[in-house]
Structures are given as C-alpha cells and as structure tokens.
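A structural walkthrough
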Amino acid sequence: MEAHENTGKSAMLHIAEILIHGSDERHPLSQQKILEILKNKCNVTVNRKTVGKNLTRMKETGWPVECRQVMRTMNGKKVPLTLDWYWKHHLSHDDFNRLSEMLYFSHNSPTQIKKILTKIKEFQFQGENEEKVFIKNIPNNNYSSSDLSKSLQIVSDAITGKKRIDFSYMIYDIDGKLKSDKNVEGSDKIYSVSPYLIVASDGRYYLLGNEDGKESVNFFTMERMTNIKISEYDARVQKTVNAFKNGVKLNELVGVYPEIYIGNEDVCVCEIAPEFLTRVIEVFGKSVHVTEVTPNKIKIEIKAFVSAVYGLAMRNSSFVRVISPADLVKKIRDDVKNLSRMYGGV
C-alpha cells in the first residue's frame, strides 16, 4: 500500500538524516539497508517502493544525493537500476582525512584537536575563500602519503585491548628501497612490542612502546611497520618498565623540537655508519644517493641545505663524517675544537 503523504514526508526527512550521518562516497547504503535503519532506529515503517521513490525524488529535486546506476533486463527491456546511495558531502572523505592530518601534525593541544574534529564531523563544513597571503607553508618533501588507516586501527585496537603486537620493520637498503630488518642469522626479524601511544609529528606517525626483552621505551616509524598482528599475549604494564620508574609518565618521555634551516643548498658528501642510512633517508628523502659501500661505512651524497647537514653531523658525530664541501668540513672542525676547549679538552 502506498504510504500516506505525511508518512512520506517523514520518511524523506529520516532518509536524508540516515544518508547524512551514515554514508559517503566510500560507504554507500543499499535501499534495503535504509529500509532496515528506518524500521529499527527511526521507528518508521514503509515499503521498499516508498524508499526508492523518496530517494529518486530527492535526487531529481537537487538534494546532494548520489547513487550508482546499472542496467538490467525486465520483460525483454533494459531498465535502469539504482544502487549504492550516499550523501555527497561538501567535505569529502579525503578532505576530512587531510584536515585531520593537518590538525594532528600541528602543535595544538589534544583537547583543541578533538574539539575541532568533533565540530567538523557534526556540521557541514563551508570553508573560507579568503586567501591567507601572509602565511606561507614550508612543505616537507619527505612527507609520507601512505594510507596507514589500517595499521593505525590495528595498533589502536591493541592499545585499547592492552595486547602486544607483532610486526616486521622495514629499513632502507643501499639502493634506497625498503627491505625487512633481519636477524643475525639472516631471517626476517619479527618485533614483539607492547604498544602504548601513537604520536603524529612532522608528517609521520610514530608508535611508542616497549620492545619485548628490553627496559626502554622505543619509537617506531609506522610507515615502516608491516604485517602488523595483534598478539595473544598481554602488553607489558607501563609501570613495570624501568623507563617509567619514579613516576615518569609517557608524555614526559616525548618531545619535538622543530628547526628551520636558512642558507643555500649544496651537494654534501658524507661517510655514515651502515645502520644510520635509514635515519638519513627519513630526514632527507630522495636527495640522498649512495655512491660507495664498504663493510663498515657508506659514502653518500646529499643535496640539501648545508646548515641541515651540519646539524645532522654535529648531532650524530658517532655515525656521520662530512667529507665535503671544504668550508663545511672546516666549520665542523673549528666548532669541535671550540667545544673541546669549552668542556675541558685539549
């Protein structure tokens, strides 16, 4: 039986609300699913024909409703069939993800980020067209564009369930490609970690946790974590780890100190320890080129700001030795002598 007019109007409003809050281009709803939600959650009983008519009417009258259309044969004739209905939000799924990342990669407080994200989810975002002419972003060319949503969800579930995770950890090889870290005997190493917190900084997600058999808190770059699985074993309680002795809290073990480098780019030649290659590539990305390899050291060229390479060498003097340019070598040598004098050396 055809629904009464007032029932039809009520159904249309409920259908709109269902599509707004429960669908997007990646999560469409079938007419049958909409029918079930109307009955079970909205206490509105209509037939499938009424749902179809309301959806078609909404689309034809300009509502931001979309669907997928296929042709089927009925009584020897091809007729259109509408499937996969969704609300075409002004803010797309990808837009929302990008805004979320922008917030997480900012240095706002967690409370502010949560509040803003809640507003974005609840209200249609109209945006502003005003150009921010006095603000210029300094792009991070080494930003990871990998879709980590699945990895983030698995690790988040493990943290919530207080379970360990097992995973393979990738490192950069001399050809600039990622490979699985190995055990001493040459097989792929499986890391077993008690996960405590995921942090986002400078375009990357990091996991903070305790590796099985150690007493420290380690951080892992999540884009290099693969084959992540939740273990059957419980995660180690934080307060039993030596790093948390004397009441130290997890957020007290993490700090970010961003730097901006000014100057000119140049090709800098360095010798580094093999185990430091991954860190250098994470920092400088595709501007790193391996030119020579020996068992104990790797020679690389880095096209980057000289001041950035200077900072890398001074902070990691046990792993990095600069060979050229000559003026950078001289500056490092002079500064090391000054440091030696300041700290009582010869």
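A short tour of the structure in this document, coming up. Predicted model only: the values in this text are computed from it and were never measured.

All right, on to a nonpolar patch on the surface then. Side chains of Leu339, Met342 and Tyr343 sit close together on the surface and give an oily, nonpolar patch of about 400 Å² of accessible area. Along the chain, Tyr343 turns up in the segment after helix H9 (326–342).

Soluble globular proteins tend to pack their nonpolar side chains together in the buried interior. In this structure, Val280, Phe284, Ile300, Ile302 and Val309 are the most contacted members of the largest nonpolar core, which totals 23 residues. Breaking this core down by element, the ones donating at least two residues are strand S9 (265–272), helix H7 (277–284), strand S11 (298–305), helix H8 (306–315), strand S12 (320–324) and H9. Among all residues touching Val309, those that are not within four sequence positions of it are Cys268, Cys270, Phe284, Ile302, Ala304, Val322 and Leu328. By size, the runner-up hydrophobic cluster in this structure holds 20 residues, among which are Ile18, Leu38, Trp85 and Trp87.

Counted according to the given criterion, the structure contains 16 salt bridges. Between Lys59 and Glu66 there is a salt bridge whose closest N-O contact spans 3.4 Å. Of the residues examined, Lys59 reaches a relative accessible area of 35% and is grouped as partly exposed. Overall, the relative accessible area of 25% leaves Glu66 in the partly exposed class. In this structure, Asp334 and Lys330 form a salt bridge, with 2.9 Å as the shortest nitrogen-oxygen distance. Highlighted residues: Asp334 and Lys330, both in helix H9, separated by 4 residues, approximately one helical turn. Of the residues examined, Asp334 reaches a relative accessible area of 28% and is grouped as partly exposed.

Its location among the elements puts Asp202 in the loop between strand S5 (190–201) and strand S6 (204–211). What makes Asp202 partly exposed here is its relative accessible area of 42%. Counting along the chain gives 97 residues from Asp202 to Phe105, while the straight-line C-alpha distance between them is 5.8 Å.

What follows is about the environment of Glu301. Locating Glu301 in the fold gives a position in strand S11. Sequence separation of Glu301 and Glu271 is 30 residues, and the distance between their C-alpha atoms is 9.0 Å. Once residues lying within four places of it in the same chain are set aside, the contact partners of Glu301 are Val267, Cys268, Val269, Ser287, Val288, His289 and Thr291.

Right, let's get into unusual backbone geometry. In terms of backbone geometry, most residues other than glycine have negative phi values and most peptide bonds are trans. Of the consecutive residues Ser324 and Pro325, the connecting peptide bond is found in the cis state with omega at 5°. In this structure, Pro325 sits in the loop between S12 and H9. A positive phi angle, close to 55°, is found at Lys162, a residue other than glycine. The exposure class assigned to Lys162 is exposed, which follows from its relative accessible area of 61%. Positive phi outside glycine occurs at Asn227, with the angle close to 50°. Along the chain, the position of Asn227 falls in strand S8 (residues 225–234).

As a further point, take the sheet that holds S9. With antiparallel pairing, 4 strands are arranged side by side in an open sheet as S10-S11-S9-S12. On the outer flanks of this sheet lie strand S10 (288–293) and S12, each paired with one strand and no other. In this sheet, adjacent strand axes meet at a mean angle of 30° when their direction is disregarded. Where S9 meets S12, 4 bridges bridge the pair, whose relative direction is antiparallel. Following the sheet pairing, Glu271 is matched in S12 by Arg321.

Below, the discussion takes up the pairing of S6. Within S6, 8 of the 8 residues are buried, leaving the element largely enclosed by the surrounding structure. Direction of pairing for S5 relative to S6: antiparallel, over a ladder of 8 bridges. Of the residues in S6, the one forming a bridge with Val193 is Glu211. In textbook terms, the turn of a hairpin is the stretch between consecutive antiparallel strands, and for S5 and S6 this stretch comprises 2 residues, one of which, Asp202, has a positive phi near 50°. Across 4 bridges, the pairing between S6 and strand S7 (residues 218–221) is antiparallel. From the neighbouring strand, Gly209 faces S7, where its bridge partner is Asn218.

The rules behind each value
- Each chain carries its own residue numbering, running from 1 in the direction its sequence is written.
- With pLDDT at 70 or above as the cut-off, local features in this predicted model cover only qualifying residues; side-chain atom pairs require 80 or more to be listed or tallied, and sums for whole chains, interfaces and linings still use all residues.
- Side-chain figures throughout are based on the complete set of non-hydrogen atoms in the structure, without hydrogens or water.
- Here a patch means residues that are over 30% exposed by relative accessible area and free of salt bridges, tied together within 9 Å if like-charged and within 5 Å if nonpolar (Val, Leu, Ile, Met, Phe, Trp, Tyr).
- Exposure was quantified through the Shrake-Rupley algorithm and a 1.4 Å probe, taking into account, for residues, occlusion by the shown protein chains and nothing else.
- Salt-bridge detection follows one rule: a side-chain nitrogen of Lys or Arg within 4 Å of a carboxyl oxygen of Asp or Glu.
- In this description a helix means any DSSP run of H or I spanning at least four residues, a strand means any run of E spanning at least two, and both kinds are numbered starting from the N terminus.
- As used here, the term nonpolar core means buried Ala, Val, Leu, Ile, Met, Phe, Trp, Tyr and Cys residues forming a set that is joined through side-chain atoms within 4.5 Å.
- To sort residues, take the accessible area from a 1.4 Å probe on protein chains only and compare it with the maximum for the residue type: under 20% means buried, over 50% means exposed, and anything in between is partly exposed.
- Should any heavy atoms of two residues lie within 4.5 Å, those residues are considered in contact.
- The pairing criterion for strands is at least two bridges between them, as found by DSSP.
- Structural elements are reduced to axes, namely lines fitted to C-alpha atoms, with helices fitted over the stretch in contact, and the angle between N-to-C directions of any two is expressed from 0 to 180 degrees.

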